[in-house]
Amino acid sequence: MDFKGQVIQSLQQVLPVEMAPEKLNSLLEIPKSGKLGDLAFPTFILAKEMHQSPVEIAADLAKKIDAAAFEKVQAVGPYLNFFLDEQKFSQQILETILTQQAKFGEQDLGQGGNVPIDMSSPNIAKPMSMGHLRSTVIGNSLAKLLEKVNYQPIKINHLGDWGTQFGKLITAYKLWGSEEEVKKDPINKLLEYYVHFHQVDVKHPELDDQAREWFRKLEDGDPEAMELWKWFRKISLQTFMKVYDRLGVEFDSYNGEAFYNDKMAEIVEILADKGLLHESRGAQIVDLSKYHLNPALIKKTDGATLYITRDLAAAVYRKRTYHFVQSLYVVGSEQTNHFKQLKAVLHEMGADWSDQIHHIPFGLITSGGHKLSTRAGRVILLEKVLDDAVALAQKQIEQKNPGLKHKAEVAKAVGVGAVVFHDLKNNRMDNFDFNLEEVVRFEGETGPYVQYTHARAESILRKSGKNLGELPDQLRISSQINLEAWGIVKKLADFPTMIERAVTEYEPSVIAKYALHLAKAFNQYYAHNRVLNDDAGLNGRLALVEAVAIVLKEALRLLGVKAPDEM
Ligand code: ARG
């Protein structure tokens, strides 16, 4: 239990009225001056009920409260001030962490409830963009965070594998494609054909008719069209899998847009039955003006269904299949309106669960302050970014620790981890700049800095030669915790609260920033204290080092970043 929890518990024992822990939690204040204690309970709220002045109430509570867990408890005016006992508190928190190890910070916010996370979801036959990378790493971290607080995440890769563009792609492939070429470099070749189609069809509009015809065939299940489509999907997925492997991300489902082909008729029927479908210039729409949104386009003039129609079917399918308590969509902020429309249409359809759907938007990655764009040549190729990051990490390891075993493996963990960490350390809505040299630095606000700090802590523990499993019992003989150590202990105790905040705000950056602060505090401590000095405080200091190692490793794990023991 953290300090606040201790205060709440002892208050509950003496308060003359029932008050829920959540209520007390919101009432407690941090006094402006340390002289007034570490937490203060304002008694005003009790005055009416108790027919006493707040000052009297505070004085009365101060007499009754059990102060054993604290340095002291004092009434000052209308406030009851709690002074925490740093020794007792430190011992308790370190014992908890050393006993629970990686389980430290687990909580039961979710009660096992299912939470599908729509994440990554690139479009087949096209390269995965930096936006898809962001969605992948944010989604992956959210899944781990949700699991930590006892939700059951379900990671869904809603592949963009259906739509009129596949009519164009098949047309292009039939005209200019070669199986050999595609096999060598699938995605780039397919993209090339597709781009070529758009260059040519300006002068040859009959190509558009062919494309429409191929898409119609595809929707009708024509064998030739289907076979080509399946092949495009398969080779695209193989390329995507390489990226997922390197990032260490796995999915529970690859049901993409095409999966919902036979599930949309029902949606259209419900919409029609409820009188929600209107014709507008030959197309079928749902009017959303009362939500101040543009109409949702459900069916095109030619009867073809659309992105949102597939998303409606997917939302209903997920509700039926997973009985979710929340349903998340980690998709760039440019699709905010789409998800507003999706929720609004579901609401109109009578889905009382539409407010369990949450779009988790995120900002852009820029380069030199500019939006990435294929046309301006500011593309960042994901594979290349990861390769370069690993090479850079390898170079630095070579300098810092030439004798390291498993160098290549560590370089992979550091290079890839650096890219992931950089993506997660900013508030997800902020746009951020990508500069590889910055990202892979071993100092500053980087992933490698946190990894390096963790490895340093592990190395101290190895050098101590102690059997760390025995430490919890020996903590009692720890000497005085000094001021710097106290700063670390307070941070360690914050970890569960940080996890809760990251989950409720869907914001992995809370954990990334926390890890950076903890690493910094630890390095400061290490610079001024001889941990391995053989005196009475040794066990206490080692316990502190081990607790830091445990929490840093777990924080990195929650971000999807590995923590090598040596680097
Ligand atoms: N494939 C889409 C894109 O790349 C993202 C899909 C997001 N998920 C969804 N259920 N709409 O823009």
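Relevant structure appears above.
Residues numbered from 1 in each chain as written. Predicted model: local features only at pLDDT ≥ 70, side-chain atom pairs only at ≥ 80, totals over all residues. Heavy atoms only, no water.

Participant: Got a sec to walk through empty space enclosed by the protein? Specific residues and values, please.
Facilitator: A water-sized probe, rolled over the atoms, reveals where empty space remains. Summed over the entire model, instances satisfying the criterion amount to two cavities of 30 Å³ or more. Put simply, the largest cavity is a space of about 70 Å³. In terms of lining residues, the largest cavity is bounded by Asn123, Ile124, Ala125, Lys126, Gly160, Gln165, Phe166, Leu169 and Tyr194. A total of three residues in the lining of the largest cavity trace back to one element, the largest contributor, which is helix 7 (residues 165-176). (1 Å grid on protein atoms, 1.4 Å probe; cavity = no way out; pocket = protein on both sides within 12 Å on 5 of 7 lines; lining within 4 Å. Points joined across faces, edges and corners; volume = space filled by probe spheres on them. Helix = DSSP H or I, 4+ residues; strand = E, 2+ residues; numbered from the N terminus.)

Participant: Which residues make up the packing of aromatic side chains, and what are the values?
Facilitator: Under the definition given, this model contains 22 aromatic pairs. Their ring planes at 35 degrees and their centres at 5.9 Å tell us that Trp231 and Phe232 sit as a pair that is tilted. Here Trp231 matches Phe232 in class, with each residue buried. Where Phe495 meets Tyr514, the ring centres are 5.4 Å apart and the plane angle is 20 degrees; that geometry is what we call stacked. One end of the pair, Phe495, is in helix 20 (residues 483-504); the other, Tyr514, is in helix 21 (residues 509-528), and 19 residues separate them in sequence. What makes Phe495 buried here is its relative accessible area of 0%. Linked through ring pairs, Phe3, Phe70, Phe82, Phe89 and Trp486 together constitute an aromatic cluster. In this arrangement the basic side chain of Lys217 is found over the ring face of Trp214, its NZ or CZ atom lying 4.2 Å from the centre. The positively charged end of Lys400 is found above the aromatic ring belonging to Tyr452, 4.7 Å away from the centroid. (Phe/Tyr/Trp six-rings, centres within 6.5 Å; stacked < 30°, edge-to-face > 60°. Buried < 20%, exposed > 50% of the residue type's maximum accessible area, 1.4 Å probe, protein only. Lys NZ or Arg CZ within 6 Å of the ring centre and 35° of its normal.)

Participant: Explain the sheet that holds strand 10 (residues 357-360) to me, and be specific about the residues and the numbers.
Facilitator: Strand order in the open sheet formed by four strands is 5-4-9-10, and the pairing between neighbours is parallel. A strand with exactly one partner marks an edge of an open sheet, and here the two such strands are strand 5 (152-156) and strand 10. Mean inter-strand twist for the sheet, computed between neighbouring axes without regard to direction, equals 20 degrees. Here strand 9 (residues 327-330) pairs with strand 10 via four bridges, running parallel. Bridge assignment links Ser327 to a residue of strand 10, and that residue is Ile357. Most of the contacts of helix 13 (residues 307-322) go to strand 4 (residues 114-118), to which it runs at about 155 degrees, and overall it touches strand 4, strand 5, strand 9 and strand 10. (Pairing = 2+ DSSP bridges. Axes fitted to C-alpha atoms, helices over the stretch in contact; angles between N-to-C directions. Contact = heavy atoms within 4.5 Å.)

Participant: Describe in detail the site of the ligand, supporting the description with residues and values.
Facilitator: The environment of the ligand is formed by Asp118, Ser121, Asn123, His132, His158, Tyr307, Asp311, Tyr329, Val331, Gln335 and Phe339. Within the contact set of the ligand, a nitrogen atom lies 2.7 Å away from a side-chain nitrogen or oxygen of Asp118. One of the side-chain N or O atoms of Gln335 is found 2.9 Å from an oxygen atom in the ligand. Counted by class, the shell around the ligand contains four nonpolar, five polar and two charged residues. (Near = heavy atom within 4 Å. Polar contact = N/O pair within 3.5 Å; in protein donor to acceptor, adjacent residues only side chain to side chain. Nonpolar A, V, L, I, M, F, W, Y, C, P; charged D, E, K, R; others polar.)

Participant: Can you tell me about the pattern of salt bridges, naming the residues and giving the values?
Facilitator: Side chains that differ in sign of charge can pair as their charged atoms come close. Tallying each qualifying case throughout the model produces 25 salt bridges. Two residues, Arg246 and Asp387, come together in a salt bridge whose shortest N-O distance is 2.8 Å. Of the two residues, Arg246 sits in helix 11 (residues 223-247) while Asp387 sits in helix 15 (residues 382-400), which places them 141 residues apart along the sequence. Classification of Arg246 by relative accessible area gives partly exposed; the value is 29%. (Salt bridge = Lys/Arg side-chain N within 4 Å of Asp/Glu carboxyl O.)

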